[in-house]
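Close look at the chain arrangement
Next come the chains, spelled out residue by residue.
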Amino acid sequence: MAAKKPAAKKPAAKKPAAKKPAAKKPAAKKPAAKKAAAKKPAAKKPAAKKAAKPKVKRKPNAAFMKPMMPSAALGAVVGTAPLPRTEVTSKIWAYIKKNNLQDKLNRRMINADAKLSPIFGGKKQVSMFEMTKLVSNHLK
């Protein structure tokens, strides 16, 4: 029976040994978290380089700035003096808004009045995109 007693002590010694590897696992997770945190600042560095690029100011296209002579029909709306295309468009929109010529339901449509009807080719209503095409026919 004395041989059985030492055998009973051996399993008790194995239980504390099993607890030691469990303590090592959380310690292994902590360095992994540090590596992930180290990667995040590296991702921020390229973003800072993009912001450092100098901004280049756009030059206006010379074709838009060239003064063009409006026809007599268009001259009744924007004036008879030569104007760049950008100014012609601005003055037509000012005229449309002043006389409340945009359609109430569909704001893309422009209603023609007595002055705009010859420019729009006799149409009573045109879209704002079609309007620019029709206006360009009245510039020389």
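A few points on the structure. Everything numeric in this text was worked out from a predicted model, so none of it was measured.

The next subject is the side chain of Ser127. Following the sequence through the fold, Ser127 ends up in strand E2 (residues 125-127). From its side chain, Ser127 meets the backbone nitrogen of Glu130 in a polar contact 3.1 Å long. Excluding residues that lie within four positions of it along the chain, Ser127 makes contacts with Arg108 and Met109.

Running from amino to carboxyl end, helix H4 (residues 85-98) crosses helix H5 (residues 128-136) at an angle of 125°, the nearest separation of the two axes being 12 Å. The orientation of H4 with respect to H5, classified from their angle, is oblique. For the pair H4 and H5, the crossing hand works out as right-handed. Contact residues: H4 offers Arg85, Val88, Ile92, Trp93 and Ile96, while H5 offers Met128, Met131, Val135 and Ser136. Of the residues assigned to the contact of H4 with H5, the class counts are seven nonpolar, one polar and one charged.

This next bit is on H4. In this model, H4 (14 residues) spans 20 Å end to end at C-alpha, consistent with the 20 Å of a helix rising 1.5 Å per residue. Along H4, the positions that sit buried rather than exposed are Val88, Ile92, Trp93, Tyr95 and Ile96. Buried residues of H4, seen end-on, are gathered within an arc of 160° and therefore sit on one face of the element. Away from the buried face of H4 by more than 90 degrees, exposed residues Lys97 and Lys98 are located. Lining the buried residues of H4 we find helix H3 (72-78), strand E1 (109-111) and H5.

Moving on, we come to unusual backbone geometry. Positioned with a positive phi, Asn100 is a non-glycine residue whose angle comes to about 55°. The topology assignment puts Asn100 in the loop between H4 and E1.

Reading the values: the criteria
- Residues numbered from 1 in each chain as written.
- Predicted model: local features only at pLDDT ≥ 70, side-chain atom pairs only at ≥ 80, totals over all residues.
- Heavy atoms only, no water.
- Helix = DSSP H or I, 4+ residues; strand = E, 2+ residues; numbered from the N terminus.
- Polar contact = N/O pair within 3.5 Å; in protein donor to acceptor, adjacent residues only side chain to side chain.
- Contact = heavy atoms within 4.5 Å.
- Axes fitted to C-alpha atoms, helices over the stretch in contact; angles between N-to-C directions.
- Parallel < 35°, antiparallel > 145°, perpendicular 65-115°, else oblique.
- Left-handed = near helix turned anticlockwise from the far one by under 90°.
- Nonpolar A, V, L, I, M, F, W, Y, C, P; charged D, E, K, R; others polar.
- Expected span 1.5 Å × (residues − 1).
- Buried < 20%, exposed > 50% of the residue type's maximum accessible area, 1.4 Å probe, protein only.
- Arc of directions from axis to C-beta.

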